[in-house]
Amino acid sequence: MRARRPIPPALTRRGVLGVGGALGIGGLLTACGGGGDGAKPSAGGTGWSFKDDRGTTAKAARTPRRIVAYIGAAAALHDFGVACTGVFGPTKLKNGEPDVQAGGVDVDKVTILGNAWGEFSIERYAKLRPELLVSTMNESPRLWYVPDDSAKKITSLAPGVGILTGKSSLTKVIGRFAELAESLGADLRAEKVTAAKKRFEAASETLRTSAKAARARGGLKVMAVSAQADMLYVGDPADFTDLRHYGGLGVEFVTPKKTAEGGFFQELGWENADTYEADLILVDKRTGNLQPAELKKSKPTWAKLPAVRAGQVISWSNEAQFSHAGYAPHIEQLAAAVDKSKKAAA
C-alpha cells in the first residue's frame, strides 16, 4: 500500500511513503456501541446505502450501528456526531495517552484492532460483528491501514466505505465525511456541528487576510516537511488536501521539484536540507516523526536553516480529523504564524 507520508522508522519507508478542536460526546453522538440490537431500521424502511469515493455503494438492510473505522475516519465521524465501536491505526501512545490522530475519540472506550502499520486483528474484528468498515484513501481503491494481504478477508465481513483524502479539496473531504455521518444518523444542524463549521469558515477568512498581508510585506515562503532520522521529506502542496486549501487562500508554498513515486513528498538527505528557501516551516507532528526541538539538537543542517534560526517553525497536522472542528484550530494557528513571520530566507 502506498502512503502519502513517512511513518515510524520501524516500518519500510518505500512501501508506505505517501489529520485539536474535537467536540465532546455529550448528547451529540449517535450510539454505535457493540451491544444492543445493532443496526437500526432506516427511515422509510428502504434500507441504508452510501456511495463512496471508489464508486462503490455500501448497502445494508438497516442503518449500520456497529462501525469500525481507521482512527482518523473515526475522529472525523466523532466530530459530526457518530461514534465507532472499533478502530485501527495509530490510536494510543506507548504511555497509554491518545495519539494525536485520535482527535476527540475516547481511546479507552473503543476496541483497538491494531495500533500500527500492518496490525489489524481479524479475529477481534469479527467478534465485534461489524456492520460497516470506514477508512480513508490516499489512492483509490486502497483503504488506508487495511493490510493488503488480508484486505479481501477483512472487507468480506462487512460493507466498506472509502473516503479519498489525498490530492483532493479539504472542504470536499470534510463534506464527504459530513454526508456519511448524516447517512448514519448524525444531525448536521446540531449546535456544536454548525458552530464548528462557522469557526472553520472564519479561520479560513482570517488566513486569507493574513496571506494577503504577507504578500504586501514582500511575500512569505512556507515549506511543509516530515522529518526522520535519515531523511527530510518536503511536501508537495498540490498533493495534500490541507495545503491545497491554504494555498487557495493565498499562502505561498515551496513546491518540490521532484517527488517520490506516487507524489506527496520529495526525499532529501540531511546534507541537502537547505535545497529550498523558506521563511516559515511546518513540521509534521504525527507520531514517528522528529519534532522541532529534537531536530534543532540533532541535525546541524536543520539548525542552520533561516526559518529555524528566526524561530519561525510550527507544527503541521496534515492528517487531522477531516471535520470543521478538526481543522479550524490548525488554520487559526497557521494564520497567526503567517502574521508573525518575516522574510527569513536569504
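How each quantity is defined
- Residues numbered from 1 in each chain as written.
- Predicted model: local features only at pLDDT ≥ 70, side-chain atom pairs only at ≥ 80, totals over all residues.
- Heavy atoms only, no water.
- Helix = DSSP H or I, 4+ residues; strand = E, 2+ residues; numbered from the N terminus.
- Salt bridge = Lys/Arg side-chain N within 4 Å of Asp/Glu carboxyl O.
- Buried < 20%, exposed > 50% of the residue type's maximum accessible area, 1.4 Å probe, protein only.
- Pairing = 2+ DSSP bridges.

J.: Would you explain unusual backbone geometry in this entry?
T.: A negative phi angle characterises most non-glycine residues, just as the trans form characterises most peptide bonds. In this model, Ser140 is joined to Pro141 through a cis peptide bond whose omega is 10°. Checked against the element boundaries, Pro141 lands in the loop between strand 8 (132-137) and helix 4 (151-155). Phi angles above zero are rare outside glycine, and Arg129 is one such case at about 50°. Following the sequence through the fold, Arg129 ends up in the loop between helix 3 (122-127) and strand 8. In the Ramachandran plot, Lys167 falls in the positive-phi region, its phi being about 55° despite a non-glycine side chain. By secondary structure assignment, the location of Lys167 is in the loop between strand 9 (160-164) and helix 5 (170-183).

J.: Explain the pattern of salt bridges to me, please; I cannot follow it from the model alone.
T.: Side chains that differ in charge, positive against negative, can pair when their charged atoms come close. Taken as a whole, this structure holds 13 salt bridges when the rule is applied. With a closest N to O distance of 3.9 Å, Asp106 and Lys109 form a salt bridge. Assessed through its relative accessible area of 29%, Asp106 is described here as partly exposed. Residue Arg189 pairs with Asp187 through a salt bridge whose shortest N-O separation is 3.7 Å. Residue classification places Arg189 among the exposed positions, given a relative accessible area of 74%. The partly exposed category is assigned to Asp187, whose relative accessible area is 40%.

J.: Just checking my understanding: could you explain the pairing of strand 10 (residues 221-228) for this structure?
T.: For strand 10, the buried fraction is high: seven of the eight residues fall into the buried class. Two elements, strand 10 and strand 12 (residues 252-253), share two bridges in a ladder whose sense is parallel. Bridged to Val222 within strand 12 is Phe253. In this structure, strand 10 lies alongside strand 14 (residues 280-284), joined through four bridges in parallel fashion. Looking at the pairing, Val222 lines up with Leu280 of strand 14. In this sheet, strand 11 (residues 231-235) lies alongside strand 10 in antiparallel orientation, the contact comprising four bridges. Directly across from Gln228, in strand 11, lies its bridge partner Met231. Hairpin connection from strand 10 to strand 11: two residues lie between these consecutive antiparallel strands.

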